[in-house]
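A closer look at the structure
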Amino acid sequence: MGKVKIKNLKKSFGELEVLKDINLEVCEREVICIIGPSGSGKSTLLRCINALEVATSGTVEVDGNDITGAADKDINKYRQNIGMVFQQFNLFPHMTVLENISFAPVTLKLKSKQEANEKALKLLRRVDLEEKANVYPEQLSGGQQQRVAIARALAMDPDVMLFDEPTSALDPEMVGEVLNVMKKLAKEGMTMIVVTHEMGFAREVADRVIFIDDGFIVEQGPPQELFGAPKNERTINFLNMVL
Amino acid sequence: MSIPELVVQNWSRLLAGLAMTVELTIISLIIAGMLGLLFGLLSVSKKKSLRAIALVYVDIVRGTPLLVQAFFIYFGIPAALGIRLDANTAGIITLSLNAGGYLAEIFRGGIESINKGQMEAARSLGLPYSLAMTKVILPQAVRTMTPALINQCIITLKDTSILSIIGIQELTQTGRLIIANNYQAFEMWTIVAVMYFIIIMILTKISKRIERKMSYGKSEN
């Protein structure tokens, strides 16, 4: 059964129709990369999956729960299983790195403070930032901040991870360290949906690449196929521009 | 009589007046803080009707003079409802409502100054709006609001002097009563002014210290 099932998803901002009819099923342990020109709706699609954007019509099911029509209380519950990593990191500046990571599990009373801190330290080890546990986010580089943000999302033990252009705000020399953490995560079997401009990452890590343009999924397939032998003219044009 | 002599002679009365000023300020600011937070939160609500309530309140407070507000609450409302309101209560209500309106705007500005991504990050972790607001947004907002909050405290402290007009014996009214006996207007108003000045300077110093302490992580390293 699919982890994430998107059916006939439409999203408009006022007059502007950003997502026109999206159908997508993501399986457990699958890594999906969403590519496409800016303004094509790929971030909006991602944000509809955890209801940061409210779909205009259609359904988004995660783990069998329809998040589009759910009550606020249920949405909060569903979101606990959907991790999200943002382009701008969005770490909480008034908390230390460790507090950032243990904050949600403790505040939602899912773990005791001690349990959460132990888990946070474990996660920091995973993203190779153990020594930064007690510093504040502003003292970290962009790449380090993004790795903490990944650890923060993982602290909720999510079933699915959403990445919204996680390396777009980074200096070039820091892109690699973040992508490496994501690669490790993919290898461990995390279900991941990644909006990205990193074609190398998509080629190497994705099980399936989705090309979105103008609110539609134009083409999708395994990376060798989509990058090696794109069929649609718009895909070809886009790849010619970015590769 | 010289100023030092006047100070010595009237010391206990002046001090009582100052105590009343400080008491009015503190009580009013506590109530105003709650009103400000409440209406500030309403004004950033997604619901239009809630925003409208906050807007009306803030507009009324800002659109009318404090003196008129004091008269309305001390004379107007009791006349309409046939009740009696003592001056201190009326004064506290007036100052609370007044400062509450300005504080609501300060809270709104503080909350809106926090990057939208902070709320989204908190919500994406599964936190309900209320927890995201109280644990993520407000702690950051209060930090950015600190200078404006302190400014409002000082304004409210000075605004207590307007309440002398409805007969509250705070510092200004005390000064007037003393002058009514000894006619030494220059000396007495100098003393009163210096007393206001000193207490506000003390407040300013304390607030500067708080402000420094509140910047993230910096002071702790």
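Not measured: the values here are computed from a predicted model.

Quick look at the packing of aromatic side chains
Applying the stated criterion to the full structure yields five aromatic pairs over all chains. When the ring of F211(A) is compared with that of F238(A), the centres are 5.1 Å apart and the planes differ by 35 degrees; the resulting orientation is tilted. Here F211(A), found in strand β9 (residues 208-213), pairs with F238(A), found in helix α9 (residues 233-242); they are 27 residues apart in sequence, far enough to count as distant. With respect to burial, F211(A) and F238(A) carry one shared label: buried. Chaining the aromatic ring pairs together yields one cluster made of F71(B), Y74(B) and F75(B). Directly above the aromatic system of F92(A) lies the positively charged group of R152(A), at a separation of 4.5 Å from the ring centroid.

Some details on unusual backbone geometry
You will see that N8(A), though not glycine, has its phi angle at about 50 degrees, which is positive. Looking at the secondary structure, you find N8(A) in strand β1 (residues 2-13).

Details of the UniProt feature "transmembrane region" (unreviewed entry) in chain B
All names here are of chain B. Taking the UniProt record as the reference, the feature "transmembrane region" (unreviewed entry) is found at residues 14-42, 54-77 and 186-204. In the segment residues 14-42, helix accounts for 100% and strand for 0%; the C-alpha atoms at its two ends are 41 Å apart. Split by type, residues 54-77 is 92% helix and 0% strand. Its first and last C-alpha atoms lie 22 Å apart.

Procedures and definitions
- Residues numbered from 1 in each chain as written.
- Chains lettered and ligands numbered in written order.
- Predicted model: local features only at pLDDT ≥ 70, side-chain atom pairs only at ≥ 80, totals over all residues.
- Heavy atoms only, no water.
- Phe/Tyr/Trp six-rings, centres within 6.5 Å; stacked < 30°, edge-to-face > 60°.
- Helix = DSSP H or I, 4+ residues; strand = E, 2+ residues; numbered from the N terminus.
- Buried < 20%, exposed > 50% of the residue type's maximum accessible area, 1.4 Å probe, protein only.
- Lys NZ or Arg CZ within 6 Å of the ring centre and 35° of its normal.
- UniProt positions renumbered as here; feature names shortened; annotations may be inferred.

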